[in-house]
Amino acid sequence: PPFPLARCVAMLNLDMVGRGAKGEVQVGGTWDAPDLEKVLRAAQRKKKSGLALDLDGGKDIWQRSDQYSFHKRGVPALFFFAGFH
């Protein structure tokens, strides 16, 4: 990484977001990053965008995307995904 990994507080992977069904996005990783889930839920309450978040999404492909290498090294990671297309 361009700076020491110990200084990395989180990894956010936005993988093809904006190409799936309108108003829906899966967010993987909240099962291992409950503090980040709280941030997501607070932001969703504050900004009434109508965006539906599936916080259980992405489990089946969690290990196959860019955030996984950070996750393996203890960096909290979220994987925003709009589905395959």
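Residues numbered from 1 in each chain as written. Predicted model: local features only at pLDDT ≥ 70, side-chain atom pairs only at ≥ 80, totals over all residues. Heavy atoms only, no water.

**Q** Give a description of the overall build of the protein chain that names residues and reports values.
**A** Each helix and strand counted, the protein chain has 2 helices and 4 strands in total. For the protein chain, the sequential pattern of α-helices and β-strands runs β-β-α-β-α-β. What you see for the protein chain is a C-alpha radius of gyration of 13 Å, in line with the 12 Å of a compact globule of 85 residues. Its C-alpha atoms give the protein chain principal-axis dimensions of about 35 × 30 × 25 Å. (Helix = DSSP H or I, 4+ residues; strand = E, 2+ residues; numbered from the N terminus. Rg over C-alpha atoms; globule rule 2.2 N^0.38 Å.)

**Q** Give me the pattern of salt bridges: which residues, what numbers.
**A** Considering all chains together, one arrives at 1 salt bridge under this definition. Measuring nitrogen to oxygen at the nearest pair gives 3.0 Å for the salt bridge that ties Arg41 to Glu37. Linking Arg41 with Glu37, this pair stays in helix α1 (residues 34-46), spanning 4 residues, or about one helical turn. (Salt bridge = Lys/Arg side-chain N within 4 Å of Asp/Glu carboxyl O.)

**Q** With reference to specific residues and values, describe the packing of aromatic side chains.
**A** Per the stated rule, a full pass over the model turns up 2 aromatic pairs. Centroid distance Trp31 to Trp62: 5.2 Å. Interplanar angle 70°. Geometry classified as edge-to-face. Highlighted residues: Trp31 in the loop between β2 (24-28) and α1 and Trp62 in the loop between β3 (52-54) and α2 (67-72), separated in sequence by 31 residues. Given a relative accessible area of 30%, Trp31 falls into the partly exposed group. By relative accessible area, which is 6% here, Trp62 ends up buried. (Phe/Tyr/Trp six-rings, centres within 6.5 Å; stacked < 30°, edge-to-face > 60°. Buried < 20%, exposed > 50% of the residue type's maximum accessible area, 1.4 Å probe, protein only.)

**Q** Got a sec to walk through the side chain of Ser65? Specific residues and values, please.
**A** Tracing the chain through its elements places Ser65 in the loop between β3 and α2. Under the relative-accessibility criterion, Ser65 is labelled buried at 12%. Reaching out from Ser65, the side chain makes a polar contact with the side chain of Asn13 at a distance of 3.0 Å. (Polar contact = N/O pair within 3.5 Å; in protein donor to acceptor, adjacent residues only side chain to side chain.)

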